[in-house]
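# Summary of the model geometry
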Amino acid sequence: MPQGVYLPEGRLLDERRNQIQTESTEGLLQAWQRGMILEGVATMCDEKRNLYVRLGRERGRIPRFEAGLGADRGKMREIAILSRVGKPVCFRIIGRDGTDWLLSRRSVQEEADAWFRQELLPGEVIQATVTHLEQFGAFVDIGCGLVSMIGIENISVSRIRHAGDRFKVGQRVLAVVSHLEAGGHICLTHRELLGTWKQNADLLRPGSAVRGIIRGVENYGVFVELFPNLSGLAESCQGAEPGMAASVYIKSILPDRMKIKLAILDKMPGEGKRLIGPEDYFIREGRLRRWIYQPEQCSTRCVESEFA
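Attention in this report is confined to the structure presented alongside it. Keep in mind that what you see is a predicted model, and the values were worked out from it rather than measured.

The next point concerns the sheet that holds strand β5 (residues 100-104). Read around the barrel, five strands follow the order β1-β2-β3-β5-β4 and close on themselves; strand pairing throughout is mixed. Taking the axes of each pair of neighbouring strands and ignoring which way they run, one obtains an average angle of 50 degrees across the sheet. Pairing of strand β3 (residues 58-62) with β5 involves three bridges; the strand directions are parallel. Residue pairing across strands places R61 opposite L102, the latter belonging to β5.

This is the structure we're talking about:
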């Protein structure tokens, strides 16, 4: 992965090296001298918006102005500090104040932000952790608490109503750097990792039956999602509603028309969600240059991504 040491917050917590450095005075002194990036869980935020982190039998304090990127310039909202309580925070030790170790999350984020802007390239696959979900997309931590967003239209080829249909908060996912905006903001996409039409269709066979999720109901038929990047069309079925799970029979697979014909065998009550799992990724690392969704023999509308 291209992120180097700047991983999403929480990834270092269980690593032996991080535990060794944070559980003893000797380890903390060594980490201070070396400027190491460590992680701990924020246990409290006081009325002055200082965050406190338990470090073995000792305590670390992240002063308000060291709480994150922009905090020293008054550009970090109070809720962003308060909401870190109970969650992992990355930090670097910058000194001591009485019995407290002074910590800086801001310096780590500034360093990570500069590194990302300089080193990340369009098309690179990176690790991320979901931090917040909205109807329009998923916010993810791409490293050291720095947040970017995957728009709902870029989560999968199959359409969904809410980012929560694909992800859950705290989930570890992969993403692709779409492009870097002039101001340095890193834009992400995700659907390219979930396979092309052919890669997904090759997992199916005519005459078999699989579980799917109804995504759309039209006069001419019912669209059923078979995989996050693959849907088929079934004949009209009474009582079919979007979000409903269904078992479907695969009648035929037509690559030249990029179509899969289905028949609904049974409908299942309740809302059908299809969260992304590790098994859904066809690409897990490296750098993409171009991604084309449709089969070569298909002349329908082109779905593709170019990464400069």
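As a further point, take the sheet that holds strand β14 (residues 244-254). Taken together, the five strands give a closed barrel; going around it, the order is β11-β12-β13-β15-β14, and neighbouring strands pair in mixed fashion. Each neighbouring strand pair of the sheet contributes to a mean axis angle of 50 degrees, computed without reference to strand direction. Examined bridge by bridge, strand β11 (residues 209-218) and strand β12 (residues 221-227) share five bridges and lie antiparallel to one another. The residue bridging G216 from the neighbouring strand is F223, located in β12.

What follows deals with the nonpolar core. Grouped together as the largest cluster of nonpolar side chains are 36 residues, with contacts concentrated most on F116, I142, F167 and L188. Looking at this core, the elements with two or more residues in it are α4 (106-119), β6 (125-134), β7 (137-143), β8 (146-151), β9 (172-180) and β10 (186-189). Not counting residues within four places of it along the chain, the set of residues in contact with I142 comprises Q3, Y6, P8, F116, I126, Q127, A128, S148, I186 and L188. Core analysis: the next-biggest nonpolar cluster, separate from the first, contains 21 residues, L204, M244, A246 and V248 among them.

As a further point, take unusual backbone geometry. We note that R49 has phi near 70 degrees; this positive angle belongs to a residue other than glycine. With respect to the secondary-structure elements, R49 resides in the loop between β1 (38-45) and β2 (51-55). Residues other than glycine seldom take positive phi values, yet M258 does so here, at roughly 55 degrees. Assignment of secondary structure puts M258 in the loop between β14 and β15 (259-271).

According to the stated counting rule, one finds seven aromatic pairs in the structure shown. Between Y6 and W115 the ring centres are 5.6 Å apart and the planes differ by 50 degrees, which places this aromatic pair in the tilted class. Of this pair, Y6 sits in the segment before α1 (16-22) while W115 sits in helix α4; the two residues are 109 residues apart in sequence, bridging distant segments of the chain. For W115, a relative accessible area of 26% corresponds to the partly exposed category. In this structure an aromatic cluster arises from ring pairing among Y6, W115 and F116. The positively charged end of R96 is found above the aromatic ring belonging to W101, 4.0 Å away from the centroid.

Procedures and definitions
Residues numbered from 1 in each chain as written. Predicted model: local features only at pLDDT ≥ 70, side-chain atom pairs only at ≥ 80, totals over all residues. Heavy atoms only, no water. Pairing = 2+ DSSP bridges. Helix = DSSP H or I, 4+ residues; strand = E, 2+ residues; numbered from the N terminus. Axes fitted to C-alpha atoms, helices over the stretch in contact; angles between N-to-C directions. Core = buried A, V, L, I, M, F, W, Y, C linked by side-chain atoms within 4.5 Å. Buried < 20%, exposed > 50% of the residue type's maximum accessible area, 1.4 Å probe, protein only. Contact = heavy atoms within 4.5 Å. Phe/Tyr/Trp six-rings, centres within 6.5 Å; stacked < 30°, edge-to-face > 60°. Lys NZ or Arg CZ within 6 Å of the ring centre and 35° of its normal.

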